[in-house]
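# Structural characterization, general
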Amino acid sequence: CILAPVAAFYVLLQSSSLLIRPCSVSLPEDAPVGTLVFRVPSPATSCCVSFSLLGPEGADHFHLMAQTGELVLTAPLDRETKANYSLRVMAFDRE
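Predicted model only: the values in this text are computed from it and were never measured. (Residues numbered from 1 in each chain as written. Predicted model: local features only at pLDDT ≥ 70, side-chain atom pairs only at ≥ 80, totals over all residues. Heavy atoms only, no water.)

### Concerning the sheet that holds strand E5 (residues 62-64)
Pairing is antiparallel in the open sheet, where three strands are placed in the order E3-E6-E5. Edge positions in the sheet fall to strand E3 (36-39) and E5, since each of these pairs with one other strand and no more. Taken over all neighbouring pairs, the strand axes of this sheet differ in orientation by 20° on average, direction set aside. Of the strand pairs in this sheet, E5 and strand E6 (residues 70-73) are connected by three bridges, and their pairing is antiparallel. Its bridge partner lying in E6, His 63 is registered against Val 72. (Pairing = 2+ DSSP bridges. Helix = DSSP H or I, 4+ residues; strand = E, 2+ residues; numbered from the N terminus. Axes fitted to C-alpha atoms, helices over the stretch in contact; angles between N-to-C directions.)

### Considering the confidence of the model for the chain
Residue-level pLDDT values for the chain average 75, and 71% of them are 70 or greater. Contacts from residues 1-10, a stretch scored under 50 in pLDDT, to residues over four places away or in other chains number 35 contacts. (pLDDT = per-residue confidence, 0-100. Contact = heavy atoms within 4.5 Å.)

### Topic: the pattern of salt bridges
Across all of its chains, the model carries two salt bridges by this definition. Across the pair Glu 70 and Arg 39 runs a salt bridge, and its minimum N-O distance is 2.3 Å. With Glu 70 in strand E6 and Arg 39 in strand E3, this pair connects stretches of sequence that are 31 residues apart. Owing to a relative accessible area of 47%, Arg 39 belongs among the partly exposed residues under this scheme. A salt bridge links Lys 82 to Glu 57, with the shortest nitrogen-to-oxygen separation between them at 3.2 Å. Of this pair, Lys 82 sits in the loop between E6 and strand E7 (84-93) while Glu 57 sits in the loop between strand E4 (49-54) and E5, and the two are 25 residues apart along the sequence. (Salt bridge = Lys/Arg side-chain N within 4 Å of Asp/Glu carboxyl O. Buried < 20%, exposed > 50% of the residue type's maximum accessible area, 1.4 Å probe, protein only.)

Below is the structure:
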């Protein structure tokens, strides 16, 4: 997780699979676009896992790399507009 100053955003990552535990991540409001926010761990039970975000929340500010599980910031954050995002991640076998 990334340590943040007082003006922080909180991203709650939840999973539709019991294999990935919920996680809360904070990042500074001035985090640059392209910042790696979090890497979703692959379940130990599979070598070929793909990831996707479920639902529309956060889709305008975050991108989840399907093959790596890396969550990347894709737009500037504005705490006054929205201070928290709750993202749901789905992990599934590619095979």
